[in-house]
Amino acid sequence: MEYNKLTISELHDLLQAGKLSSLDLTEFFLARIEKIDSSLKACISIFKEEARRQAKKADERIAQGEKNKLLGIPYLCKDNILTKGLKTTAASKMLENYIAPYNATVIEKLNNEGAVLLGKTNLDEFAHGASTENSAFFVTRNPWDLERVPGGSSGGSAAAVSAGLSVFALGSDTGGSIRQPASFCGVSGLKPSYSRVSRYGLISMTSSTDVIGPITKNVEDSALVMNVISGFDQNDLSSCSLEIDDYLKNLNKNLKGLKLGVEYNFIDSLDVKMSDQIKKSLAVFESLGVEIIPISLPYNKYAGSVYYIITPAEISSNLARLDGIRYGFSSDLKVEQSNNNLNDIYLKNRGQSFGEEVKRRVILGTYTLSSGYFDAYYKKAMAVKEKIKREFENIFETVDAVLTPSSPHIAFKVGEQVDDPLKMYLEDIFVTGPSLAGLPAISIPAGFVDNLPIGIQLFSKKFNETIVLNLADQFQKKTDYHQKNPNIN
Ligand code: GLN
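Structure report, in brief. As the structure is a prediction and not an experimental result, all values here were calculated from the model.

Turning our eyes to something else, we now look at helix 3 (residues 48–63). In a regular helix each residue adds 1.5 Å, so 16 residues correspond to 22 Å; helix 3 covers 23 Å between its end C-alpha atoms and thus fits that length. Within helix 3, burial applies to Ala51, Gln54, Ala55, Ala58, Arg61 and Ile62. Buried residues of helix 3, seen end-on, are gathered within an arc of 120° and therefore sit on one face of the element. Within helix 3, the exposed residues directed more than 90 degrees away from the buried face are Glu49 and Ala63. The positive-phi residue at the C-terminal boundary of helix 3 is Gly65, with phi of around 100°.

Pasting the structure below:
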């Protein structure tokens, strides 16, 4: 049986009916990872024994009559989310041997539910990037074409779900890192509203926009995972105590009369094959009774510039603790040999263990926060961020949700633009706006261009995950793009 093609609900039914054990399912995925991941390179660590132990425990709980939806379901997790007693590297040499002392809240919640953690996935170092080429360890490949990137920074998680190495995976999204790789790999990726899912135990990148979310085969699975991982957490000061919806139950609400905003300038800016394919999805929504409303988002064009000022600023501050003394890699230069020159030690520890992109961001961030430049860059960026937020608030007075492309093009080739940071930053033009505004946004498969998957992004008001998931789920009930699998075996 091709368990790699089944969704959470389908596997849940088999597990509950006693037709399959979680241990067998876990062995199936461990064997598949062993076979496929040597060419795909989606995983950094695999925890075979720990996964088997969790699977046996899940089987006992099933035998005792527990019916949790994710009980016994194997998953993978991006390697910037802490897992107690297990390696968490953030794909950096700085944390290559770091064993997390506690579990992130999302991992704790998934443990309580009975999901089975198979291992950790590759990412751009500290989640800085859009291709997973910035990993300090290796480049993850796109399962649809191994010469291409899977997107990033959650490229390992998206490639793994697309290739069927686990049923679902966790990613993190600060400025597109769930949605863009989801679109490149033909899977569904939800960035929840900021503060909807606890960030406790997520290695901080940009604390004002970081959020953990699910990467799945379809939207129903995203709703199922969201039902488990979202909610208030006293360990996360930004966590929100608003009650959460039952995301699964709300999937089947009638869409008739719903208003979907479309900025046609975004779509028309794409290559014609991409724009034609994206326009087809508008027709699908219309057939569901959704009204398409042309909108204009003039401030969105500044989202990338604002994001690439705020993000490095927060990175430079968040990564300061990684100095090889408090945390992380320590070079062979020791305090006693340094004539008490701590600066030399920091320089060596950080210089030898941070990659180029991380260094670039630390330098940029330190610059924009420095006196003399703070007002011109950081303060200005924060002001424009408010304008962008307000622009969205105004739009949501006339429409219920917005549709855009997820990415300006199909997955690019490994090495094609890795030496051009600005080009890489432009990957994020459609996804950084909703991040800056803290909005819930999903990318779902919307067809193929040159045999590679493309995605559409749907987003709505803060905390309105329900409408985003409902729109996306009903789109999938009318299309079969999400059911196509790459030919990798
Ligand atoms: N591509 C974006 C960046 O490089 C997204 C990163 C993210 O969301 N973690 O910053």
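Now that the structure is up, let's keep going.
For the bond running from Gly152 to Ser153, omega is 10°, close enough to zero to count as cis. If you trace the backbone, Ser153 turns up in the loop between strand 3 (116–121) and helix 5 (155–162). At Thr132, a position not held by glycine, the phi torsion is positive, near 65°. Mapped onto the elements of the fold, Thr132 is located in the loop between strand 3 and helix 5.

Glancing now at the pairing of strand 2 (residues 74–78). Consecutive side chains of a regular strand alternate in pointing toward one face of the sheet and then the other. Within strand 2, 5 of the 5 residues are buried, leaving the element largely enclosed by the surrounding structure. Side chains Pro74, Leu76 and Lys78 project from strand 2 onto one buried face, and the interleaved Tyr75 and Cys77 project onto a second face that is buried too. Following the backbone out of strand 2, through helix 4 (residues 105–113) and into the adjacent parallel strand 3, one traces a crossover that is right-handed. Examined bridge by bridge, strand 2 and strand 4 (residues 168–173) share 3 bridges and lie parallel to one another. Each bridged residue has a counterpart across the sheet, and for Cys77 the counterpart in strand 4 is Leu170.

What follows covers the pattern of salt bridges. Overall, the coordinates contain 18 salt bridges when judged by the stated rule. Residue Arg326 pairs with Asp323 through a salt bridge whose shortest N-O separation is 3.1 Å. With relative accessibility at 56%, the residue Arg326 sits in the exposed group. Looking at Asp323, the relative accessible area reads 3%, which means it is buried. When salt bridges with common partners are traced through the structure, they connect Glu27, Glu49 and Arg52 into a single cluster.

A few words on the side chain of Ser275. Residue position: Ser275 is located in helix 9 (residues 272–287). Ignoring anything within four residues of it in the chain, the contact list for Ser275 reads Ile267 and Leu270.

It is at 8 Å that the axes of helix 2 (residues 22–40) and helix 3 come closest, and there the two elements cross at 155°. Classified by the angle between their axes, helix 2 and helix 3 sit roughly antiparallel to one another. By crossing handedness, the relation of helix 2 to helix 3 is classed as right-handed. Only Lys48, Ala51, Arg52, Ala55, Lys56, Ala58 and Asp59 of helix 3 make contact with helix 2, whose side of the interface consists of Ser22, Leu23, Thr26, Glu27, Leu30 and Glu34. Here the contact of helix 2 with helix 3 is composed, by residue class, of 5 nonpolar, 2 polar and 6 charged.

Turning next to the packing of aromatic side chains. Scanning all chains against the criterion turns up 19 aromatic pairs. For the ring pair Phe285 and Phe475, a centre distance of 5.2 Å and an interplane angle of 25° mean the geometry is stacked. Placement of the pair is Phe285 in helix 9 and Phe475 in helix 16 (residues 465–478), with a sequence separation of 190 residues. Of the residues examined, Phe475 reaches a relative accessible area of 0% and is grouped as buried. Considering the side-chain rings of Tyr373 and Tyr377, the 6.4 Å spacing of their centres and the 35° angle between planes classify their relative orientation as tilted. Cation over ring: Lys41 sits above Phe138, and NZ or CZ is 5.2 Å from the ring centre.

Each value, and the rule that gives it
Residues numbered from 1 in each chain as written. Predicted model: local features only at pLDDT ≥ 70, side-chain atom pairs only at ≥ 80, totals over all residues. Heavy atoms only, no water. Helix = DSSP H or I, 4+ residues; strand = E, 2+ residues; numbered from the N terminus. Expected span 1.5 Å × (residues − 1). Buried < 20%, exposed > 50% of the residue type's maximum accessible area, 1.4 Å probe, protein only. Arc of directions from axis to C-beta. Right-handed = clockwise from strand over helix to strand, strands pointing away. Pairing = 2+ DSSP bridges. Salt bridge = Lys/Arg side-chain N within 4 Å of Asp/Glu carboxyl O. Contact = heavy atoms within 4.5 Å. Axes fitted to C-alpha atoms, helices over the stretch in contact; angles between N-to-C directions. Parallel < 35°, antiparallel > 145°, perpendicular 65-115°, else oblique. Left-handed = near helix turned anticlockwise from the far one by under 90°. Nonpolar A, V, L, I, M, F, W, Y, C, P; charged D, E, K, R; others polar. Phe/Tyr/Trp six-rings, centres within 6.5 Å; stacked < 30°, edge-to-face > 60°. Lys NZ or Arg CZ within 6 Å of the ring centre and 35° of its normal.

Structural measurements only, silent on function.
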